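Per-entry structural report
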2 protein chains.
Amino acid sequence: MALVVKKFGGSSVATTEKIMSVAKRILGEKKPDDKIVVVVSAMGDSTDNLIKLAEGIDEEPYKAGYSRELDMLLTTGEQVSIALLAMAFQKLGQPAISLTGGMVGMRTNSVHTKGRILGISPERVHEELDKGKVVVVAGFQGVDRFGDPVTLGRGGSDTSAVALAGALKADACEIYTDVDGVYSADPRIVKNAKKMREITYFEMLEMARLGAGVMQPRSVEMGQYFNMPIHVRSTFTDKPGTIIREDYTLEEKDFEIRGVAHDQKVAKIAVLAVSNTPGIAHKIFAALADANIDVDMIVQSIRNIDKNITDMVFTIALDDLPEAKKVVDKVAEEIDAGTVLVEEDVAKVSIVGAGMLGSPGIAARMFGALAHAGINIDIISTSEISVSCLIKGSQITEAVNAIHDEFFPDK
Amino acid sequence: MALVVKKFGGSSVATTEKIMSVAKRILGEKKPDDKIVVVVSAMGDSTDNLIKLAEGIDEEPYKAGYSRELDMLLTTGEQVSIALLAMAFQKLGQPAISLTGGMVGMRTNSVHTKGRILGISPERVHEELDKGKVVVVAGFQGVDRFGDPVTLGRGGSDTSAVALAGALKADACEIYTDVDGVYSADPRIVKNAKKMREITYFEMLEMARLGAGVMQPRSVEMGQYFNMPIHVRSTFTDKPGTIIREDYTLEEKDFEIRGVAHDQKVAKIAVLAVSNTPGIAHKIFAALADANIDVDMIVQSIRNIDKNITDMVFTIALDDLPEAKKVVDKVAEEIDAGTVLVEEDVAKVSIVGAGMLGSPGIAARMFGALAHAGINIDIISTSEISVSCLIKGSQITEAVNAIHDEFFPDK
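Presented here is an overview of the structure given in this document. (Residues numbered from 1 in each chain as written. Chains lettered and ligands numbered in written order. Predicted model: local features only at pLDDT ≥ 70, side-chain atom pairs only at ≥ 80, totals over all residues. Heavy atoms only, no water.)

1. A word on the sheet that holds strand S1 (residues 3–8) of chain B
Residue and element names in this part refer to chain B. Spatially, 8 strands are ordered S3-S6-S2-S1-S9-S11-S12-S10 in an open sheet, and the strand pairing comes out mixed. A strand with exactly one partner marks an edge of an open sheet, and here the two such strands are strand S3 (96–99) and strand S10 (198–200). Here the strands of the sheet are splayed against their neighbours by 20° on average, with no regard to which way each runs. Seen against the sheet, helix H4 (residues 123–130) touches S1, strand S2 (35–40), S3 and strand S6 (134–138) and runs at an angle of roughly 130° to S2. (Pairing = 2+ DSSP bridges. Helix = DSSP H or I, 4+ residues; strand = E, 2+ residues; numbered from the N terminus. Axes fitted to C-alpha atoms, helices over the stretch in contact; angles between N-to-C directions. Contact = heavy atoms within 4.5 Å.)

Here it is, written out as structure tokens:
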């Protein structure tokens, strides 16, 4: 007997036919005594359709004042898919029950549309499992202390599934997705990318932070918090995927780095001719922080040592660029700086791996691989388990392949 | 200052434009200190669309086993409309909040898809009203003792609104609908039908039972229970409609009957040549009751007094006919009766009014009006405050007009 939490995303339940397929697959794999909890997202593009409805009331439904009502609206998406999936199990002769986020005791704060899980009291889930039912749970949602529905923001259904698995002390947590695991690089741009059997929470978080899209960082953090291994696998095949866990269980550690991540959704801002006096950098970055804009790589380079003038260069998420430009222009005028330049044709390529700690040669090999491929490095930044380079955006495919070839040569 | 509960049906909130119109109309009429609660149904045909989705899983989603999941599915319809209407108020600068059936403390039994309200604990509604918000409530739904959503069945949103108004001790309960009040006969078939200013719960219940479609009986019963006057009025005009209340407040009682109701959705079943021995009638009607089929008018007529054989004739709702025919055929065989005849071209016309108690001439005038119009009466039945005649279905328009002309002559 095993208690397993399985999560299926919106594309896996986009139509009633697909919902029947999910139910059939789960029952096909279920052993008689297994206890199964299925967490699902809203059907296909139903969330987008709900947002379109809201746009019929106001073109900007994401404005702060609407966030509670937007959550009231959006949580209906998962409520529809759980009802239909529970019916599908019943149609196949398997007792099943659907439960909303509130019913599984998923307590959140009151930050609507971007809620955080505060705790889970899944007594009802245990009760229903004990009655022999498959329990179908609405992902992406919880309720706050007022009993109001709150959505968890991007990737929230994964977070729901992992947190619920942790709170239930499940034997496994399986995230079904349209890729069949975590790869050493994005398989869409690196042909011989290798699927990993395992990866640590720590490395997966760093991969995600640096652009690997498989899992949202918050669900990985949730796995780490509960020490709940997360099995990322394909909706379409039975093959094992990648298990994200605390440490490696296999004697598989014959790699120098764990993977190559990349991120094309970055932009560079350069504030030229800034007076190099205390407090100036603070002014720029405090203004950005006030506008809720994350700054990633930062370089300060001396332009004229006599006049004590420097250039301040940094990167931000591409989505934040319009807002960031406004903020920086304003500060630049206040501090009497020179031109503010913006560059959108940039991308970040990174290597990740706990193994590189204490192996200084690894970063050098990365730079060498880029140099060999004729790719210029604009900015470099490092963390304990990663090295990142900002390069020209149009060269990103070449860059990722060059670095991957260096560390994962085909045998 | 007045606390008013207003209910708008699905056609009034069928699109986001209509939702904006409802919000504008309510704010246009609202005095600064008024406390407004708006109960709404699901948008237009959204409930039908949800049922179509369920039919993608099983062609018969109304099968008993699915009823809980069907409620989980259907309650999303109102949740969508309350979120959008609350956003519409906010867009217009009016603070507002949406609340589901569960959040307004609408407690029901666990009879899914046909729930009954057990009690209401509307503390949250008072709290939000005290904050100056318009409170937008999902009609048609409550939660049972497990916290599971339960829908109230046909006309459930009216029932929600009246019950909530009662529990809140509201100053008024207004039901907005596509007709502008209750008429002395269906204005679609009687040109000079008169709008009533007032009608009693008792008479309205009888009118509804006998086919007047304006209000579902349960919502009227709820008004009676709470002694909450119900103002039925038009979504499209500002004119006063009809107030359903305990007794007349106006010196308006210059009528002999209150109205003429009719029902075309009836069918007649005749079981011929039944042995007139004790227990035989019971066998037929017990079998129908077991199949959950209501029998309305019943006539037993003697066919042959020597052989002690009678004919048993009764009416049922047209929708129940296929099932009823099966049940009756089976019993007829068991009791060795003759032919079972079915007649669909029948209709029932009724007069309603508390005033007819103790005025025996009134029924006679009804029969006379029908006779004058050349309409044959098949069955007659009476209650304390009504007289009903079963006639040929194709003559119903003539019949209603003839009776209406008799009691409500144009001056």
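2. Regarding the pairing of S1(B)
On a regular strand, one side chain projects to one face of the sheet and the next to the other, so that they alternate. All names here are of chain B. Burial analysis of S1 places 6 of its 6 residues in the buried class, the great majority of the element. Residue alternation in S1 divides its side chains into two sets, Leu3, Val5 and Lys7 and Val4, Lys6 and Phe8, and both sets are buried. Two elements, S1 and S2, share 6 bridges in a ladder whose sense is parallel. Of the residues in S2, the one forming a bridge with Lys7 is Val39. Crossover handedness for the path S1 to helix H1 (residues 16–29) to S2: right-handed. Relative to strand S9 (residues 172–177), S1 runs parallel, the two sharing 5 bridges. By the bridge assignment for S9, Lys7 is matched with Ile175. (Buried < 20%, exposed > 50% of the residue type's maximum accessible area, 1.4 Å probe, protein only. Right-handed = clockwise from strand over helix to strand, strands pointing away.)

3. Describing the side chain of B:Ser386
Residue and element names in this part refer to chain B. Note on placement: Ser386 falls in strand S20 (residues 386–392). Residue class for Ser386 comes out buried when judged on its relative accessible area of 1%. A distance of 2.7 Å separates a polar atom in the side chain of Ser386 from a polar atom in the side chain of Ser383. If near-sequence neighbours (up to four positions away) are discounted, Ser386 is found in contact with Glu206, Arg209, Leu210, Ile351, Val352, Met356 and Ser381. (Polar contact = N/O pair within 3.5 Å; in protein donor to acceptor, adjacent residues only side chain to side chain.)

4. Things to note about the side chain of B:Glu198
One can find B:Glu198 in strand S10. A polar side-chain atom of B:Glu198 sits 3.3 Å from a polar atom in the side chain of B:Arg245.

5. What to know about the relation of the copies chain B and chain A
With an RMSD of 0.1 Å, the operation that places chain B on chain A is a rotation of 180° combined with a shift of 0.0 Å along the axis. Put plainly, the chains are arranged around a two-fold axis. Looking at the rotation axis and the C-alpha trace of chain B, the residue lying nearest is B:Thr76, at 2.6 Å. Most of the interface of chain B is mirrored in chain A, where 100% of its interface residues are also at the interface. (Least-squares fit on C-alpha atoms with pLDDT ≥ 70 in both.)

6. Things to note about the interface of chain B and chain A
Note on interface size: it is often stated as the accessible area lost on association of the parts. Across the contact, 40 residues belong to chain B and 40 residues belong to chain A. Here chain B packs against chain A, burying approximately 3,100 Å² in sum over the two surfaces, 67% of which is carbon and sulfur. Taken as a group, B:Ile57, B:Glu69 and B:Met87 account for 23% of the area that chain B buries against chain A, more than any other trio of residues on that side. Viewed at the interface, chain A and chain B are joined by 4 salt bridges. Between A:Asp58 and B:Lys91 there is a salt bridge whose closest N-O contact spans 3.5 Å. Taken together, the connections running from chain B to chain A amount to 12 residue pairs in polar contact (both at pLDDT 80 or more). (Buried area = accessible area lost by both parts, 1.4 Å probe. Salt bridge = Lys/Arg side-chain N within 4 Å of Asp/Glu carboxyl O.)

In short, the description is geometric, and any link to function would need to be established separately.
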